[in-house]
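Structure at a glance
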Amino acid sequence: MRQNDSFIRCGAFHDMMYELTLPANIELSVGEEKALQNLFFAFGKARRLCYSLRQKYELKGRMSKSEIIRRVQELTGLNSRYVKDAYATIENLPPHVTFGGLRNQRLREKGKITKEEYKKRRNSIIYARGDKTKGGNLNMRIVEIAGEKYLRVNIGDRKWLLLKLFIPDKYMKYAEYLNGSHPYSVLIKRKDNDKYDVRITIRVECALNEGSRLIALDINKSHIDFCVMDKHLRNVVAIGKINTAELQNTRSEKREHQIKKVAHKVKNLAKHFNADVFIGKLRTSNFKSHRKANRIVHQMPQLKLRKWIKHICVKNG
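Examining the overall build of the chain
- Across its full length, the chain holds 10 helices and 11 strands.
- Counting the 317 residues in the chain, one finds 38% classified as buried.
- Put simply, of all contacts in the chain between residues at least 6 apart along the chain, 61% involve residues at least 24 apart.
- Element-wise, carbon and sulfur atoms account for 48% of the exposed surface of the chain, whose accessible area totals about 19200 Å².

Points about the sheet that holds strand β10 (residues 236-243)
- Across the sheet, four strands lie side by side as β10-β9-β8-β11; this open sheet has mixed pairing. Bordering the open sheet on either side are β10 and β11 (275-279), each of which pairs with just one other strand. Within this sheet the neighbouring strands show an average axis-to-axis angle of 20°, counted without direction.
- Of the strands in this sheet, β8 (213-219), β9 (223-230) and β11 are in contact with helix α10 (residues 302-315), which crosses β11 at around 165°.

Notes on the pairing of strand β3 (residues 140-145)
- Bridge analysis of β3 against strand β4 (residues 148-156) gives six bridges, and the strand direction is antiparallel. Residue pairing for β4: Ile-145 is matched across the bridge by Glu-148.
- Turn length for the β3-β4 hairpin, with the two strands adjacent in sequence and antiparallel, is two residues, and the turn residue Ala-146 shows positive phi of about 55°.

Side note on the packing of helix α3 (residues 65-76) against helix α4 (residues 80-90)
- At a minimum axis separation of 9 Å, α3 and α4 run at an interaxial angle of 120°. The orientation of α3 with respect to α4, classified from their angle, is oblique. You can see that α3 and α4 cross each other, and the crossing is right-handed. Facing α3, whose interface residues are Lys-65, Ile-68, Ile-69, Val-72, Gln-73 and Thr-76, α4 presents Ser-80, Val-83, Lys-84 and Tyr-87.
- Looking at the contact of α3 with α4 residue by residue, the class counts come to five nonpolar, three polar and two charged.

Some thoughts on α4
- Residues Tyr-82, Val-83, Asp-85, Ala-86, Tyr-87 and Ile-90 constitute the buried set of α4.
- Near the N-terminus of α4, the side chain that reaches the backbone nitrogen of Arg-81, with its oxygen 3.2 Å away, is that of Asn-79.

A word on the nonpolar core
- Formed by 48 residues in total, the largest nonpolar core has its most connected members in Ile-26, Leu-36, Met-140, Leu-151, Leu-165, Ile-188 and Ile-200.
- Top element by residues in this core is helix α2 (residues 30-56). It accounts for 10 residues.
- Look past the residues within four positions of Ile-188 in its chain and what remains in contact with it is Ile-26, Phe-40, Ser-124, Ile-125, Ile-126, Met-140, Leu-151, Tyr-196, Asp-197 and Val-198.
- Counting residues in hydrophobic clusters, the runner-up holds 22 residues, among them Val-228, Leu-269, Phe-273 and Leu-305.

Rules behind the numbers
Sequence positions are assigned chain by chain, starting from 1 and proceeding in written order. The predicted nature of this model means local features are confined to residues of pLDDT at least 70 and side-chain atom pairs, given and counted, to a pLDDT of 80 or more, with totals for whole chains, interfaces and linings taken over all residues. To obtain the side-chain values, all non-hydrogen atoms of the structure were included, while hydrogens and water were left out. We count a stretch as a helix when DSSP gives it H or I for four or more residues in a row; a strand needs E for two or more, and each element gets its number in order from the N terminus. Here's how the labels work: a residue is buried when its accessible area is under 20% of the maximum for its type, exposed when over 50%, partly exposed in between, all with a 1.4 Å probe on protein chains only. Any two residues whose heavy atoms approach within 4.5 Å at even a single point are treated as in contact. The protein chains shown are the only cover counted for residues, whose accessible areas, like all others here, come from Shrake-Rupley with a 1.4 Å probe. Any two strands are treated as partners once DSSP identifies two or more bridges connecting them. Convention adopted: a line fitted to C-alpha atoms gives each axis, helices being fitted over their contacting stretch, and angles between N-to-C directions are expressed from 0 to 180 degrees. Oblique is the label for every angle not falling under 35 degrees (roughly parallel), over 145 degrees (roughly antiparallel), or within 65 to 115 degrees (roughly perpendicular). The sense of a crossing depends on the near helix, which, turned anticlockwise from the far helix by less than a right angle, makes the crossing left-handed and, turned clockwise, makes it right-handed. For this classification, the nonpolar set comprises Ala, Val, Leu, Ile, Met, Phe, Trp, Tyr, Cys and Pro, the charged set comprises Asp, Glu, Lys and Arg, and every other residue, Gly included, is treated as polar. A 3.5 Å cut-off defines polar contacts: any pair of N or O atoms within that distance qualifies, except that in protein one atom must be a possible hydrogen donor and the other a possible acceptor, and neighbouring residues in sequence count only when both atoms are side-chain atoms. Residues belong to one nonpolar core when they are buried, are Ala, Val, Leu, Ile, Met, Phe, Trp, Tyr or Cys, and are joined through side-chain atoms within 4.5 Å.

Treat this as a map of the structure, not an account of what it does.
Shown next, in the form of structure tokens:
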């Protein structure tokens, strides 16, 4: 087919970007924790205001995104970058959202958690996107002092918190990306036990070379069919399947791990055959059948699977 011919004759790949996420922890004194709590509450308020104004006015054409950001900035006292980042966290949320989670709301209604605890759970994240022109990240920047790494957090009024940052040793090989040469986003999440998780997401370039073959994937209920074709000879080199039954039968908290395992299998196949990966997209929204088939098809985690296959394949060149 001509569409396939045009795909086969494509040139060498350009450099692509992939996201690398480093886990970390922070250490706080009593004074630092109080200042950080104020930032949590302000950022949480900004998220809720952005969401509310977007639903009431922007989606109906009564207010623009820039007007919402300016209005929220006035109400919260946060700088425009924080407000823009707060808006980014709610931009793709559905029309009806319970901030803090419905479970926590029910616990508060039943008196099982205090009002203060509910407020903490409702305002549990701070997020700052990266910017290469601003040394990696302007509001939450990673700096090095006397050989130790610190997270410098902007709390407003030209004041900063300098929080000691702990990155696991196995991730320290990526520390070179935190010197400001690459943009990185920082997410601080407070857990229910008042501990803090930090996630540092770096956008890294990866040089990709075009393979001599093409591996096409067809996602099904309990397996992925694959077919490997030589681009120049245009003949089939290999066919087979990857078992994915565990994706349907695994608990939701363990499913992500299983998806990554499947993605690594695809990466290994692509590397073995020196092939580019082509994934078909199943249009589940148009699928209509009896109830059991509908449930099975709509439970297929194809979006996450495509995401992880792309991430792992690009990361490995």
